[in-house]
Amino acid sequence: MTSLPHSAAGMRIGLFGGSFNPIHQGHVLVMEETLRRLELDALWVLVTPGNPLKSHAELAPLSERVLNAREMIKNPRIKVTGFEDEKNFRFTWQTLAFLKTTLPDRRFVWIMGADSLADFHRWERWHDIARLMPIAVYARPGSSRRALASRAALALAPGRIDGEDAPTLAGLRPPAWVYLHGRQSSLSSSAIRAERKN
């Protein structure tokens, strides 16, 4: 559950982190679309111990969230790991710095939804995250305007590339990012949790 997926030198690997509490088809859609649009060799789903910016009151155990993700994801190029918990990482910058140091010959891309970009300036050491590796932001229903007008988007504007150039992202020197429009899902983990209570 906690080990890193297998990889080889030169691989283009997407990193998609989150609580996945629970994982749903909207998450899988983003994974499949970014894997294809960025022309990645693999995508690693990093199931976090818990989002520092969110309440953990309704957070399911990590092992359960990892198992559910593995059961839902059918693409063999998408691997699920909960390794951050074993390393006691609580912030994204810790994870990305570790991976860049441990696997310097891989070409990583950090992937997040537009809703995350809107709040990116609240993340611990977000400037460092942007300097560590390229970022792909995927459109989310109702989030595009707020995301693209956000503090982080404006600060990182010089490094933004066109969506049609997305396949080049993994090879670019950060800070570099792309905003991907595409198929979207209105599903949300919080709405699913609320529905399960009723």
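I will try to describe carefully the structure that is included in this document. (Residues numbered from 1 in each chain as written. Predicted model: local features only at pLDDT ≥ 70, side-chain atom pairs only at ≥ 80, totals over all residues. Heavy atoms only, no water.)

### Let's talk about the overall build of the chain
Definition in use: A run of H or I in DSSP counts as a helix once it spans at least four residues, and a run of E counts as a strand once it spans at least two, with each numbered from the N terminus. Note on classification: 1.4 Å probe, protein chains only; a residue is buried when its accessible area is under 20% of the maximum for its type, exposed when over 50%, partly exposed between these limits. By definition, residues are in contact when any of their heavy atoms lie within 4.5 Å. Each accessible area is a Shrake-Rupley estimate made with a 1.4 Å probe; only the visible protein chains count as cover when residues are assessed.
The helix and strand tally for the chain stands at nine helices and seven strands. Expressed as a percentage of the 198 residues in the chain, the buried residues total 49%. Counting only contacts in the chain whose residues sit at least 6 apart along the sequence, the fraction spanning at least 24 positions is 78%. As displayed, the chain offers around 9,800 Å² of accessible surface, 50% of which is attributable to carbon and sulfur atoms.

### Focus: helix H1 (residues 25-37)
Stated formally: To estimate the expected span of a helix, count its residues, drop one, and scale the result by 1.5 Å.
With 13 residues, H1 extends 18 Å between its outermost C-alpha atoms, agreeing within 8% with the 18 Å of an ideal straight helix rising 1.5 Å per residue. Of the residues making up H1, those classed as buried are Gly-26, His-27, Val-28, Leu-29, Val-30, Met-31, Glu-33, Thr-34 and Leu-35. Glu-39, located one to two residues past H1, shows a positive phi value of around 55°.

### Here's the deal with the pairing of strand S2 (residues 42-47)
The following threshold applies: Strands are treated as partners if at least two bridges between them are detected by DSSP.
Counting buried positions over the six residues of S2 gives six, a clear majority of the element. Here S2 shows no split at all, with Ala-42, Trp-44 and Leu-46 on one side and Leu-43, Val-45 and Val-47 on the other all buried. One ladder, built from six bridges, connects strand S1 (residues 12-18) with S2; its direction is parallel. Directly across from Ile-13, in S2, lies its bridge partner Ala-42.

### What about the environment of His-181?
On the secondary structure map, His-181 appears in the loop between strand S7 (177-180) and helix H9 (189-197). Classification of His-181 as partly exposed rests on a relative accessible area of 46%. Along the chain, His-181 and Tyr-138 lie 43 residues apart, while their C-alpha atoms are 6.4 Å from each other. Residues contacting His-181, with those up to four places away along its chain left out, are Arg-37 and Ala-139.

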